[in-house]
Amino acid sequence: MDALVTGVCAAGGLVLGEAMEVVVERVGARRPLTRPWEACGECDRPLGAAAGAPVVGSLVVRRCPHCDTPRAHGRRALVLGAVSALVLGLLGGRFGADAVVAAYAPLGLSLVALSAVDLERYLLPNRILYPTVAVTGPLLVIASAVDHRWGSLGRAALSALVAFVAFLGVHLAVPRGMGFGDVRLAGLVGGAAGWLGFGHAFVAFLVAFGLGAVIGLVVMAVTRGGRKTRVPFGPFLAAGALVALVWGNPIANALFHRGS
Ligand SMILES: [Zn+2]
């Protein structure tokens, strides 16, 4: 059963992740999400049905048939598909037939999209964040109801609140270092990881700040940009959330010396 869930999640991640390129591009550029979804970035005309083929669409149609402009981000759709397949496969493997996988799978997909937009534009759009909260929240409530895990729901709400307030404090202290999008995303990550336990929420932010510090220093060294180098924090929050959800049990046990 768990292998089946893992396979379905990975396959779904591949197809949906690849299709999410439209969302990443349009929402990032503050353009409307209207048909035709596969349109030329240059002349705005539709690229044709083949361009929207699942997974391989960006390989089949590489250029606009009307003006011959290469498709913007030709490879990113495939990267989004591959990363989403990995993320959802890991979540499927970790949670199997547990009802909470229905909440974490769409969250995983959304975290990939948010990371992609943040990497490109230093932006965590509310047009992705709010729908994610609106979907993940009720699904966590349903998962709590299915397994009578109301304590988990309480921990999720408290973790979300604490994370939001803590990041808000950082944002108010150093507005240039921590955007308000990061504050909102921290609330979401805190809530999602906190559903598994306070230790899991702690692990999520520990990993986010640890990775952020290490990779931030590497980027500063490589680009020689010094302290002015801008490194988006969203991808680190997403990575922290994934680590906490998938490997949070052993890490939290090791940190807090509790038996499993
Ligand atoms: Zn064109």
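Just so we're clear, the structure is a prediction, and the values are computed from it rather than from any experiment. (Residues numbered from 1 in each chain as written. Predicted model: local features only at pLDDT ≥ 70, side-chain atom pairs only at ≥ 80, totals over all residues.)

1. Remarks on the overall build of the protein chain
Stated precisely, the cut-off is as follows: Every helix listed is a DSSP run of H or I at least four residues long, and every strand listed is a run of E at least two residues long, numbered separately from the N terminus. Only the C-alpha atoms count toward the radius of gyration. The rule for a globule is 2.2 Å times the residue count to the power 0.38. Exposure criterion: with C-beta atoms placed from backbone coordinates, a residue whose C-beta has 20 or more other C-beta atoms within 10 Å is buried, one with 12 or fewer is exposed, and one in between is partly exposed.
Along its length, the protein chain carries 10 helices and 0 strands. Taken from N to C terminus, the helices and strands of the protein chain fall in the order α-α-α-α-α-α-α-α-α-α. Taken against the 2.2 N^0.38 rule, which gives 18 Å for 260 residues, the C-alpha radius of gyration of the protein chain at 19 Å falls within 12% of a compact globule. Oriented by its inertia axes, the alpha-carbon framework of the protein chain measures out at about 60 × 50 × 30 Å. Residues classed as buried in the protein chain amount to 42% of the 260 residues present.

2. As for the packing of helix α8 (residues 180-194) against helix α9 (residues 198-223)
Short version of the rule: Axes, fitted as lines to C-alpha atoms, cover a helix only where it is in contact. Angles between the N-to-C directions of the axes lie from 0 to 180 degrees. Angles below 35 degrees are treated as roughly parallel, those above 145 as roughly antiparallel, those between 65 and 115 as roughly perpendicular, and all remaining angles as oblique. Crossing handedness follows the turn of the near helix against the far one: under a right angle anticlockwise gives a left-handed crossing, and clockwise gives a right-handed one. Throughout, a residue-residue contact means that the two C-beta atoms, derived from backbone geometry, are no farther apart than 7 Å. Any residue outside Ala, Val, Leu, Ile, Met, Phe, Trp, Tyr, Cys, Pro, Asp, Glu, Lys and Arg is labelled polar, Gly included; the first ten of those are nonpolar and the last four are charged.
Between α8 and α9, whose axes approach to 7 Å, the crossing angle comes to 140°. When the interaxial angle is binned, α8 and α9 end up oblique. Both α8 and α9 take part in a crossing whose hand is right-handed. For the pair α8 and α9, contact is made by Val189, Gly190, Ala193 and Gly194 and by Phe198, His200, Ala201 and Ala204, respectively. Split into classes, the residues belonging to the contact of α8 with α9 amount to 5 nonpolar, 3 polar and no charged.

3. Brief notes about helix α10 (residues 234-256)
Heads up, the condition is: Given a helix with a known number of residues, its expected span is that number minus one, times 1.5 Å. Throughout, bend refers to the angle between the axes fitted to the seven residues that end at a position and the seven residues that start at it.
Here α10 contains 23 residues, and its C-alpha end-to-end distance of 27 Å is more than 12% below the 33 Å for a straight helix at 1.5 Å per residue. Approximately 85° is the largest bend angle found in α10, and it occurs at Trp247, with the proline Pro250 only one to four residues beyond. Of the residues trailing α10, His257 is marked for its positive phi of about 50°.

4. Some details on the packing of helix α7 (residues 150-173) against α9
A pair of packed helices is captured by two measures, namely the crossing angle of their axes and the spacing between those axes. In the contact formed by α7 and α9, the axes pass within 10 Å of each other and the chain directions differ by 30°. Judged by the sense of rotation from one axis to the other, the crossing of α7 with α9 is right-handed. The segment α7 lies against α9, with Arg155, Ser159 and Ala163 engaging Phe198, Ala201 and Phe205. Of the residues in the contact of α7 with α9, the class split is 4 nonpolar, 1 polar and 1 charged.

5. With respect to the environment of Leu111
For Leu111, the location among the structural elements is in helix α5 (residues 101-121). Leu111 gets classed as buried once you count the C-beta atoms within 10 Å, which come to 29. For the pair formed by Leu111 and Leu153, sequence separation is 42 residues and the distance between their alpha carbons is 21 Å. Once you skip the residues sitting within four places of it in the chain, Leu111 turns out to touch Ala238 and Ala241.

6. With respect to the nonpolar core
Rules: What makes a nonpolar core is a set of buried Ala, Val, Leu, Ile, Met, Phe, Trp, Tyr and Cys residues, with links drawn between C-beta atoms within 7 Å. Just so you know, the domain bounds were taken from an automatic or database domain assignment.
Counting 65 residues, the largest nonpolar core has Leu91, Tyr104, Ala113, Val189, Ala204 and Ala241 as its most contacted members. Among the elements that line this core, the one with the most residues is α5, at 12 residues. Summarising the domain contributions, this core has at least three residues from each of domain 1 (1-97) and domain 2 (138-260). Ignoring anything within four residues of it in the chain, the contact list for Tyr104 reads Leu91, Phe95, Ala192 and Leu245.

7. Brief notes about the domain arrangement of the protein chain
With domains assigned, the protein chain is organised as domain 1 (1-97) and domain 2 (138-260). Here the C-alpha centroids of domain 1 and domain 2 sit 26 Å apart.

8. Things to note about the environment of Asp2
Looking at where Asp2 falls in the secondary structure, it is placed in helix α1 (residues 2-19). Through-space distance from the C-alpha of Asp2 to that of Gly92 is 7.3 Å; in sequence the pair is 90 residues apart. Aside from chain neighbours lying at most four places away, what touches Asp2 is Gly93, Gly96 and Ala97.

9. Side note on unusual backbone geometry
Residues other than glycine predominantly adopt negative phi, and peptide bonds predominantly adopt the trans conformation. With omega at -5°, the peptide bond leading from Arg35 into Pro36 counts as cis. Relative to the elements of secondary structure, Pro36 occurs in the loop between α2 (21-28) and α3 (57-60). Residues other than glycine seldom take positive phi values, yet Asp44 does so here, at roughly 70°. You can see Asp44 is positioned in the loop between α2 and α3.

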